Amino acid sequence: METSMGVWMTWVVGVVPMLVLLLWCWNELWYAVPLKFRYSGTGTRLPPGYMGIPILGETLTFLWYFKVLRRPDEFINSKRRKYGDGVGLYRTHLFGSPSVIACFPLISKIVYQSDDTFVLQWPAVDLVGRTSLVAVHGKAHDRVRRFVIKAINGPDALRRIADHVQPCIVAALQSWEQKTTVKISSEAKKVTFENIGKLFVSFEPGPRLESLEKLFQGLTKGFRAHPFNFPGTAYHHASQCRKKLEDIFRIELEKRKNRTGIDQTMNIDLMDGLMQIEDDMGKRLSDQEVLDNIVSLVVAGYTSTAMASTWALYFLAKNPNVLEKLREENMGICKNKKENFITSEDVSQLKYTNKVVEETIRMANIAGITFRLVIKEAEYKGYKIPKDWKVIVWNRYLHTNPENFNDPMCFNPDRWNEPASPGTYQAFGGGSRICAGNMLARLQIALLLHHLSIGYKWELVNPDAEIIYLPHPMPLDGVEVKFSQI
Ligand code: HEM
């Protein structure tokens, strides 16, 4: 009896705590300790932090702040309290990799601008397409990017796009008015997708576009899933969606290749543009490159723009004084116009509207974190960033840190009277990978704000709806509003 009590006590007092301690320190022992030895005597060290338990790393802490407490910025604040401010770098283990978090402006800027050290690596690259802009590097990236920018983000493209998207926006707002309540997150997705369909492949609203939208929704879910490719998994479903999307776009592409005697300067959409691009040697993109890039541009531009539009309505409902100023400016521009639609040049005159757009994008934090793979060991102010680790640029914290933006949780478009300090505003990333559709996104939101403010009023059905932060920040009810004409 006494012996078995003794064994129990040994387990309870000795073995179990030892095992817990070992688990608690496992990643520190596995990843950090060997590097600490290597760096000792070099005057450099690993960034401060904690790398968590085996496999999960700090995932549970991350979920605690983002999902349970719903105070995401406390994740970084707690690190600052525990390990000090340092230079804005913390070691961790998140999303399956040993990583360094970069959450201060200067280091974030350096990460974005050092392509030779910190490389963009998309998860599930087969879903997005191995030859798409987001997946290629070096010269191949420069080549595709130059065209994509010209096709969707340059002044001529924006002029054309402004004409193309407004009928859809106006029709959508008229349809919202017919409903008792409108769930903006769903409706904004619908109108964004209709515009994408038109701009990218000249597909008109209807059953074909609706099935395309469903396929894209299935595909997007695959990016967040584990890459287990067997029936029943989200990744498998996403791969199936990808195949079907490719088939639809390939049929369209073949149809266009067989087109003869058509003036191809008329109504050029993104697919036409990508088919015609020639590099310095006069070489065109392959069919696969065209298809991959169409898919990846829809992936990059669809939910991001829809979410930003949804947040715009939310913030304006919460800030009637801002809506009033917005309305005044937009009514002003209508006085001198005979037509219903405005041009991209008009939009650039709408100074206050553009500030509302920027403030929406800052506060929405749609791309809250971005990732880079470290391909060369780096050093910053005495801290090492080890090779083969990831760097997580914590854009969200840049935007919500009161050291970067005064009273950061207050929706205040007037803060944009002055530009943000360097490195503090990274909503579109930075360096050579800065968002290729950033002007397109801004234009689409500004045009939506224009037509909303001149014709409609809306109020939140659930003004105190909780905000969820995963997979993206969004009020829990998807921003349900009562919507009517003014
Ligand atoms: C408010 C809306 C948007 C936000 C917040 C946003 C944000 C971002 C961010 C942060 C990146 C950089 C990712 C990284 O560095 O890892 C990025 C890249 C990209 N975005 Fe956007 N984006 C938006 C809309 C769009 C739209 C409308 C398009 C095009 C239709 C687009 C196309 C792209 C592409 C192609 C890239 C990759 C660029 C490259 O690798 O060279 N985005 N976006």
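As stated in UniProt under Pathway (unreviewed entry), the record for the protein chain gives "Secondary metabolite biosynthesis; terpenoid biosynthesis." In UniProt, the protein chain has this text filed under Cofactor (unreviewed entry): "heme".

A.B. asks: Help me out: how do you make sense of the pairing of strand β5 (residues 370-374) in this one?
C.D. replies: Across the five residues of β5, four count as buried, placing the element largely inside the fold. Here strand β3 (residues 118-119) pairs with β5 via two bridges, running antiparallel. By the bridge assignment for β5, phenylalanine 118 is matched with valine 374.

A.B. asks: Can you walk me through the layout of surface pockets in this structure?
C.D. replies: Take a probe with the size of a water molecule and roll it over the atoms, and the empty space left behind shows itself. Considering only enclosed or pocket space, the second largest pocket measures out at about 450 Å³ in volume. Arg146, Phe147, Lys150, Ala151 and Gly273 are, among the 19 residues lining the second largest pocket, the residues nearest its centre. Elements that contribute at least two residues to the lining of the second largest pocket include exactly α6 (138-152), α7 (155-177) and α11 (270-276). Per-element accounting of the lining of the second largest pocket gives the leading share, five residues, to α6. Looking at the lining of the second largest pocket residue by residue, the class counts come to six nonpolar, four polar and nine charged.

A.B. asks: It is not clear to me how the packing of aromatic side chains should be interpreted in this structure. Could you clarify?
C.D. replies: Geometry of an aromatic ring pair is reported as the spacing of the ring centres plus the angle between the planes. Tallied over the entire structure, the rule returns 25 aromatic pairs. For the pair tryptophan 24 and tyrosine 50, a centre-to-centre distance of 4.9 Å together with 25° between the ring planes defines the contact as stacked. Taken together, the residues tryptophan 24 in helix α1 (residues 2-39) and tyrosine 50 in the loop between α1 and α2 (59-68) connect sequence positions 26 residues apart. Ring geometry for tryptophan 311 and phenylalanine 315: centres 5.1 Å apart, planes at 25°, overall stacked. Taken together, the residues span about one helical turn, with tryptophan 311 and phenylalanine 315 both in helix α12 (residues 287-318) at a distance of four residues. Here the two residues tryptophan 311 and phenylalanine 315 agree in accessibility, since each one is buried. Grouping aromatic residues by their ring pairs yields a cluster made of Phe62, Tyr65, Phe66, Phe75, Phe95, Phe371 and Trp394. A cation over an aromatic ring shows up here: arginine 208 above the ring of phenylalanine 203, its NZ or CZ 3.6 Å from the ring centre. Above the face of the phenylalanine 405 ring, arginine 362 is positioned so that its terminal group lies 5.0 Å from the ring centre.

A.B. asks: Where do I start with the UniProt feature "transmembrane region" (unreviewed entry) in the protein chain in this structure?
C.D. replies: UniProt's feature table lists "transmembrane region" (unreviewed entry) at residues 7-29, 49-66 and 87-107, given in the numbering used throughout. Here residues 49-66 is 44% helix and 0% strand, with 19 Å between the C-alpha atoms at its ends. For the annotated span residues 87-107, helix accounts for 14% and strand for 57% of the residues, and the straight-line distance between the end C-alpha atoms is 8 Å.

A.B. asks: Would you take a moment to explain the environment of leucine 215 for this structure?
C.D. replies: With respect to the helices and strands, leucine 215 occurs in helix α9 (residues 207-223). As a C-alpha pair, leucine 215 and lysine 244 span 29 residues in sequence and 7.6 Å in three-dimensional space. Every residue in contact with leucine 215, bar those within four places of it in the chain, is listed here: Cys241, Lys244, Leu245 and Ile248.

A.B. asks: Would you mind showing me how to read α9 here?
C.D. replies: Owing to its 3.6 residues per turn, the α-helix aligns residues three or four sequence positions apart on the same side. An ideal rise of 1.5 Å per residue puts 24 Å on 17 residues; α9 measures up with 25 Å between its terminal C-alpha atoms. Among all positions of α9, only Leu209, Leu212, Glu213, Leu215, Phe216, Gly218, Leu219, Thr220, Gly222 and Phe223 are buried. In this structure, the buried residues of α9 make contact with α5 (125-128), α8 (184-201), α10 (234-257) and α12.

A.B. asks: Mind showing me how you'd approach the coordination of the iron atom of the ligand here?
C.D. replies: For a metal bound by four donors in tetrahedral geometry, the ideal donor-metal-donor angle is 109.5 degrees, whereas six donors in octahedral geometry ideally sit at 90 or 180 degrees. Its sole protein donor being Cys435 (SG), the iron atom of the ligand sits 2.3 Å from that atom. Position of cysteine 435 relative to the elements: it lies in the loop between α16 (395-400) and α17 (438-455).

A.B. asks: Just to check I follow, could you spell out α10 for this structure?
C.D. replies: Taking 1.5 Å per residue as the helical rise, α10 with its 24 residues ought to reach 34 Å, and the 34 Å between its terminal C-alpha atoms agrees with that figure. Listed in full, the buried residues belonging to α10 are Tyr235, Ala238, Ser239, Cys241, Arg242, Leu245, Glu246, Phe249, Glu252, Leu253 and Arg256. Residues of α10 that are buried in the fold lie against α5, α8, α9, α11 and α12.

A.B. asks: What is the right way to read the packing of α7 against α17 from this model?
C.D. replies: Packed helices, taken two at a time, are described by the angle between their axes plus the distance between the axes. Contact pair α7 / α17: the axes reach a minimum separation of 9 Å and the direction vectors enclose 40°. One element, α7, and the other, α17, form an angle in the oblique class. Both α7 and α17 take part in a crossing whose hand is right-handed. Residues Leu158, Ile161, Ala162, Val165, Gln166, Ile169, Val170, Leu173 and Trp176 of α7 form the contact with α17, whose participating residues are Met439, Leu440, Leu443, Gln444, Leu447, Leu448, His451 and Leu452. Class assignment of the residues belonging to the contact of α7 with α17 gives a composition of 14 nonpolar, three polar and no charged.

The rules we used
- Per chain, the residues get numbers from 1 upward, laid out in the order the sequence is written.
- Only residues with pLDDT of at least 70 are given local features in this predicted model, and only at 80 or more are side-chain atom pairs given and counted; all residues enter the totals for whole chains, interfaces and linings.
- Where side-chain values are given, they derive from all heavy atoms of the structure, hydrogens and water being excluded.
- UniProt positions are given in the numbering used here, feature names are shortened, and annotations may be inferred rather than shown by experiment.
- Throughout this description, buried means an accessible area under 20% of the type-specific maximum (1.4 Å probe, protein chains only), exposed means over 50%, and partly exposed covers the range between.
- Helix and strand definitions follow DSSP, with helices as H or I runs of at least four residues and strands as E runs of at least two, each counted in order from the N terminus.
- Whether two strands pair comes down to DSSP finding at least two bridges between them.
- Every definition here rests on a 1 Å grid over the protein atoms only: cavities are sets of points where a 1.4 Å probe fits but cannot get out, pockets are open sets enclosed by protein on both sides within 12 Å along at least five of seven lines, and lining residues have some atom within 4 Å of a point.
- Grid points are joined across faces, edges and corners, and a volume is the space filled by probe spheres set on the points.
- Ten residue types, Ala, Val, Leu, Ile, Met, Phe, Trp, Tyr, Cys and Pro, are classed as nonpolar, four, Asp, Glu, Lys and Arg, as charged, and the remainder, Gly among them, as polar.
- In summary, the pairing rule links any two rings of Phe, Tyr or Trp, Trp by its six-membered ring, whose centres are within 6.5 Å, and it sorts them by plane angle into stacked for under 30 degrees, edge-to-face for over 60 and tilted for everything else.
- Geometrically, a lysine NZ or arginine CZ counts as sitting over a ring once it is within 6 Å of the ring centre and also within 35 degrees of the ring normal.
- We call two residues in contact whenever any of their non-hydrogen atoms come within 4.5 Å of each other.
- Multiply 1.5 Å by the residue count of a helix minus one, and that product is the helix's expected span.
- In this listing, donors mean N, O and S atoms no farther than 2.8 Å from the metal, or 3.2 Å for Na, K and Ca; water is missing from the atoms, so a site can look incomplete.
- Angles shown run from 0 to 180 degrees and are taken between the N-to-C directions of axes, each axis being a line fitted to C-alpha atoms and, for helices, limited to the stretch in contact.
- Working rule for angles: under 35 degrees goes down as roughly parallel, over 145 as roughly antiparallel, 65 to 115 as roughly perpendicular, anything else as oblique.
- In this scheme the crossing of two helices becomes right-handed for a clockwise turn of the near helix relative to the far one and left-handed for an anticlockwise turn of less than a right angle.

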